[in-house]
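Next come the chains, spelled out residue by residue.
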Amino acid sequence: MAQDKNPRLQEVKARVETSHHITDLDHKLHFYDHWATNYDQDVATLQYRAPSLAVSCLAQALTIPPAEALILDAACGTGLVAVELTTRGFVQLHGVDGSAGMLAQARARGLYQNLQLCTLGHEPLPSPEGTYDAVLMVGALSDAQVPYSAIPELLRVTKPGGLLCLTTRSNLSNLPYKTSMEAMLDKLEQAGAWERLVAWPVDQWELATSEQEVVSDPSASTADPSFISGIVYLYRKSLQRPQA
Ligand SMILES: C[S@@+](CC[C@H](N)C(=O)[O-])C[C@H]1O[C@@H](n2cnc3c(N)ncnc32)[C@H](O)[C@@H]1O
């Protein structure tokens, strides 16, 4: 990897690689607490594009004016998704995250009206059923972060007919998680909870932390081996409750 001659990039890759190997959630959230002040700079170095990809996918499908939409950014981190949403005219933004350090950075941006500490998958979201026009979770559905068992809770707080935008990585170590998560997404669709509008595979998700993490997909002949791939999903919650 040619970029590895850059010592700053090497340092960032080592930090992110460390984070990928933390399998205990408490440990991982502590890691984020300490990473919070450098997070934005580090992910910019990695050319992390998930927030802009997810928000552009959501914005194209939303049928109400952005200024009228109440949005939940789940696992909001430092607020990079809010930056993208604000650029597109969204102004009613709530966020939750399991790391107090990351939330402090998000609060400092001044873009969210409401920010709360919440460990997704372990406690309920602090909102009544059917609150949000759209819910996003970007960059957080992976091993030892947010378990995909948290997805029904995202659905609960979404309005009937509202949108849910989710992302995950397709790097080698995340593939077992991604496969199991997709089985659950499909099951929810078969049960009538939501319908899939988009599944958008993206080759250049972010720079790979190691060559082993790059998955060689024969259909992606133009894939750059410096990058890992990822995927953006967009769902619309059903108007009717699914049958039990
Ligand atoms: C890679 S960052 C993504 C942040 C932001 N969405 C973005 O795209 O920049 C992952 C975030 O998920 C949060 N997180 C990880 N596991 C969590 C959990 N179980 N509950 C709540 N937040 C969690 C971390 O604290 C961190 O802020």
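Please refer to the structure placed before this passage.
All figures in this text were calculated on a predicted structure; none of them were measured in a lab. Positions within a chain are numbered from 1, following the residues in the order the chain's sequence is written. In keeping with the model being predicted, local features are shown solely for residues with a pLDDT of at least 70 and side-chain atom pairs are shown and tallied solely at 80 or more, while totals for entire chains, interfaces and linings include all residues. Each side-chain value is derived from all of the structure's non-hydrogen atoms; neither hydrogens nor water enter the calculation.

Caption draft 1: Expanded view of the nonpolar core. Remark: nonpolar core denotes a set of buried residues (Ala, Val, Leu, Ile, Met, Phe, Trp, Tyr, Cys) joined through side-chain atoms within 4.5 Å. The cut-offs for exposure are 20% and 50% of the maximum accessible area for each residue type, with area from a 1.4 Å probe on protein chains only; residues under the lower value are buried, those over the upper are exposed, and the others partly exposed. Grouped together as the largest cluster of nonpolar side chains are 46 residues, with contacts concentrated most on Leu58, Ile71, Leu85, Leu136 and Trp205. Strands are runs of DSSP state E lasting at least 2 residues, helices are runs of H or I lasting at least 4, and numbering of each runs from the N terminus. If you tally residues by element for this core, the top one is helix H3 (residues 50-61), at seven residues. Counting residues in each nonpolar core, the second largest holds 31 residues, with Cys118, Leu141, Leu155 and Trp194 among its members.

Caption draft 2: Main features of helix H4 (residues 80-87). Taken as a whole, H4 has its buried residues at Val81, Ala82 and Leu85. What you see down the axis of H4 is that its buried residues fit within an arc of 95°, all on one side. We call two residues contacting when some pair of their heavy atoms lies within 4.5 Å. In this fold, the buried residues of H4 make contact with H3, strand E1 (70-74), strand E2 (92-97) and strand E4 (132-137). A positive phi of about 95° marks glycine 89, the residue just after H4. Arc definition: directions from the helix axis to the C-beta atoms.

Caption draft 3: Molecular detail of the side chain of histidine 94. Mapped onto the secondary structure, histidine 94 falls in strand E2. With a relative accessible area of 18%, histidine 94 lands in the buried category. Leave out the neighbours within four places in its chain, and histidine 94 touches Leu70, Ile71, Leu72, Asp73, Tyr112, Gln113, Asn114 and Tyr132.

Caption draft 4: Main features of the site of the ligand. Any residue with a heavy atom positioned within 4 Å of a molecule or strand is treated as near that molecule or strand. Near the ligand, the surroundings consist of 22 residues, among which Tyr39, Tyr48, Asp97, Leu120 and Val138 are the closest. The definition of a polar contact used here is a pair of N or O atoms within 3.5 Å, where within protein one atom must be able to donate a hydrogen and the other to accept one, and adjacent residues in sequence count solely through side-chain atom pairs. Take tyrosine 39: an N or O atom from its side chain is 2.8 Å from an oxygen atom of the ligand. Taking glutamine 145, its main chain carries an N or O atom lying 3.3 Å from a nitrogen atom of the ligand. All accessibility values rest on the Shrake-Rupley procedure with a 1.4 Å probe; residue burial counts only the protein chains present in the view. Contact with the protein chains covers 98% of the free accessible surface of the ligand, which is 590 Å². Cavities and pockets are defined on a 1 Å grid built over the protein atoms alone: a cavity is a set of grid points where a 1.4 Å probe fits but cannot escape, while a pocket is an open set with protein on both sides within 12 Å along at least five of seven lines, and lining residues are those with an atom within 4 Å of any such point. Pocket occupancy is defined atom-wise: a molecule lies in a cavity or pocket when more than half of its atoms are within 2 Å of its grid points. Cavity membership is defined here by more than half of the atoms lying within 2 Å of grid points; on that basis the ligand lies in the largest pocket. Grouping the amino acids of the shell around the ligand by side-chain chemistry returns 15 nonpolar, six polar and one charged. Under the convention adopted here, Pro, Cys and the residues Ala, Val, Leu, Ile, Met, Phe, Trp and Tyr are nonpolar, Asp, Glu, Lys and Arg are charged, and Gly plus all remaining residues are polar.

Caption draft 5: Inspection of the packing of H3 against H4 at higher detail. Running from N to C, H3 and H4 cross one another at 40°; their axes reach a closest spacing of 9 Å. With respect to their mutual orientation, H3 and H4 come out oblique. Read as a crossing pair, H3 and H4 show a hand that is right-handed. Across from Pro51, Ser52, Val55 and Leu58 in H3, the residues of H4 making contact are Leu80, Val81, Glu84 and Leu85. In the contact of H3 with H4, the residues fall into six nonpolar, one polar and one charged. What counts as an axis is a line fitted to C-alpha atoms, over the stretch in contact for a helix, and the angles between N-to-C directions run from 0 to 180 degrees. In this scheme, roughly parallel covers angles under 35 degrees and roughly antiparallel covers those over 145, while 65 to 115 is roughly perpendicular and the rest are oblique. The hand of a helix crossing depends on one turn: near helix anticlockwise from the far one by less than a right angle means left-handed, and clockwise means right-handed.

Caption draft 6: Region of interest: the packing of aromatic side chains. Ring pairs are drawn from Phe, Tyr and Trp, using the six-membered ring of Trp, whenever the two centres fall within 6.5 Å, and their geometry is named by plane angle: stacked under 30 degrees, edge-to-face over 60, tilted for the rest. Taken as a whole and assessed by the stated rule, the structure comprises six aromatic pairs. Seen in terms of ring centroids, tryptophan 194 and tyrosine 235 are 3.8 Å apart; in terms of plane orientation they differ by 15°. Their pairing is stacked. Remark: tyrosine 235 occurs in strand E7 (residues 227-237) and tryptophan 194 occurs in strand E6 (residues 194-207); sequence separation between them is 41 residues. What links up through ring pairs into an aromatic cluster is the set Phe31, Tyr32, Trp35 and Tyr39.

Caption draft 7: A look at helix H5 (residues 100-109). Looking only at H5, the buried set comprises Gly101, Met102, Leu103 and Ala106. Its buried side turned inward, H5 meets helix H2 (25-45), E2 and strand E3 (114-117). With its phi angle positive at about 70°, glycine 110 sits one or two positions after the end of H5.

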